[in-house]
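# Overview (structure and organization)
Residues per chain, in single letters:
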Amino acid sequence: VCQPRVPKQFHLGMFEIGRPLGKGKFGRVYLARERSSGFICALKVLHKNELQSGGVERQVRREIEIQSNLRHPNVLQMFGHFHDNKRVFLILEFAGKGELYKHLRRESRFPEWRAAQYIAQMASALRYLHRKHVIHRDIKPENILVGIHGELKISDFGWSVHAPNNRRKTMCGTLDYLPPEMIKPGSSENYYTEKVDLWSLGVLTYEFLVGEAPFEDTPVMTQRRIARADMSVPSFVSSEAGDLIKRLLVLDPEKRISLDQVQVHPWILKHCVKGERASNRERGY
Ligand SMILES: Cc1cc(Cn2cc(-c3c(Cl)cnc4nc(-c5cn(C)nc5C)[nH]c34)cn2)no1
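Residues numbered from 1 in each chain as written. Predicted model: local features only at pLDDT ≥ 70, side-chain atom pairs only at ≥ 80, totals over all residues. Heavy atoms only, no water.

### A few points about the overall build of the protein chain
Along its length, the protein chain carries 11 helices and nine strands. Scored against the burial criterion, the 285 residues of the protein chain give a buried share of 51%. Taking all contacts inside the protein chain whose residues are at least 6 apart in sequence as the whole, residues at least 24 apart take part in 64%. With the model as given, the accessible surface of the protein chain reaches about 14400 Å², and the carbon-plus-sulfur share is 52%. (Helix = DSSP H or I, 4+ residues; strand = E, 2+ residues; numbered from the N terminus. Buried < 20%, exposed > 50% of the residue type's maximum accessible area, 1.4 Å probe, protein only. Contact = heavy atoms within 4.5 Å. Areas by Shrake-Rupley, 256 points an atom, 1.4 Å probe, with all protein chains shown as cover.)

### Topic: the sheet that holds strand 4 (residues 78-83)
Paired through backbone hydrogen bonds, the strands of a sheet run either parallel or antiparallel to each other. The five strands are arranged 1-2-3-5-4 in an open sheet whose pairing can be described as antiparallel. Of all strands in the sheet, those bounded by a partner on one side alone are strand 1 (15-24) and strand 4. Taken pair by pair, the neighbouring strands of this sheet meet at an average axis angle of 25°, ignoring direction. Here strand 1 runs beside strand 2 (residues 27-34); their pairing, made up of seven bridges, is antiparallel. (Pairing = 2+ DSSP bridges. Axes fitted to C-alpha atoms, helices over the stretch in contact; angles between N-to-C directions.)

### Describing the confidence of the model for the protein chain
Model confidence for the protein chain is summarised by a mean pLDDT of 90, while 88% of its residues fall at 70 or above. Two summary scores accompany this predicted model of the complex, namely pTM at 0.90 and ipTM at 0.96. (pLDDT = per-residue confidence, 0-100.)

### Regarding the nonpolar core
If you look at the biggest cluster of nonpolar residues, it comprises 52 residues, and the most contacted ones within it are I119, L129, L201, L204, F208 and W267. Those elements giving two or more residues to this core turn out to be helix 3 (100-107), helix 4 (112-131), strand 7 (144-146), strand 8 (152-154), helix 6 (195-210), helix 8 (239-248), helix 9 (259-263) and helix 10 (266-271). At 11 residues, the largest contribution of residues to this core is made by helix 4. Not counting residues within four places of it along the chain, the set of residues in contact with L204 comprises I119, M122, I139, K140, P141, I144 and Y177. In terms of nonpolar packing, the next biggest core, distinct from the first, is built from 15 residues, A42, L76, M78 and L92 among them. (Core = buried A, V, L, I, M, F, W, Y, C linked by side-chain atoms within 4.5 Å.)

And the structure:
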């Protein structure tokens, strides 16, 4: 695959800006074309004053540092970044089929074969991240994009960290995906590892198949249900899928099924084309 000659310095004049693709808390994403190569990308534009007032500059720096060094078919690539006096610009891979959560809302829930293929791709991406000691910590449909061939791309590394990590973080946004070890009030030895992403993978599997998160409730009840792993799998979900969900949504992080075991779980094997998994394996992912 030929990659564009990557110059060291980017600036806004190098790009033709197209339609807005989406907006987030601190800015917008635009379709963009790099003038000299014609390369199509997504340009995320963040406003420095909003990053400062939101106290998230360090998070953006970490997002740049982590995502710029990742190369995997199921991880949205960051090709570079630059800034002017008011804005920070992130040059990102363009995902041709947009945001996964919009597809999930439109279809309510995914058929088991598609959910299994998506979870296999997520497990492949997480295995790659964890091998590089990166914990994503915010795996949810809103942070996953869909490539032109229907493949998933984990994006938004704003909450990712290098493992191990025992610094407490104030989390914002939905509680639904948080693992028990990140919500339980505890003393300082309360640390977490890559296993937090396995819990979130279990929540994601459930939401793909059921159309809502397993602990969805009022904020107080959600925290209480997570802390007890209090959830039930509806009868329309196959027993194999239910088995994988229950092996991921385990309170003790050390007892959660590993990513290697996820990739050979009967539910995954039943729905994933061998060749597709083999092709990823050949490329060492
Ligand atoms: C700020 C801010 C906004 C967002 C959420 N967001 C991500 C995108 C986006 C990215 Cl980063 C890359 N490729 C995309 N492709 C689409 C897209 C494609 N179609 C057909 N429709 C859409 C929409 N969106 C992409 C946009 N918004 N995160 O931080």
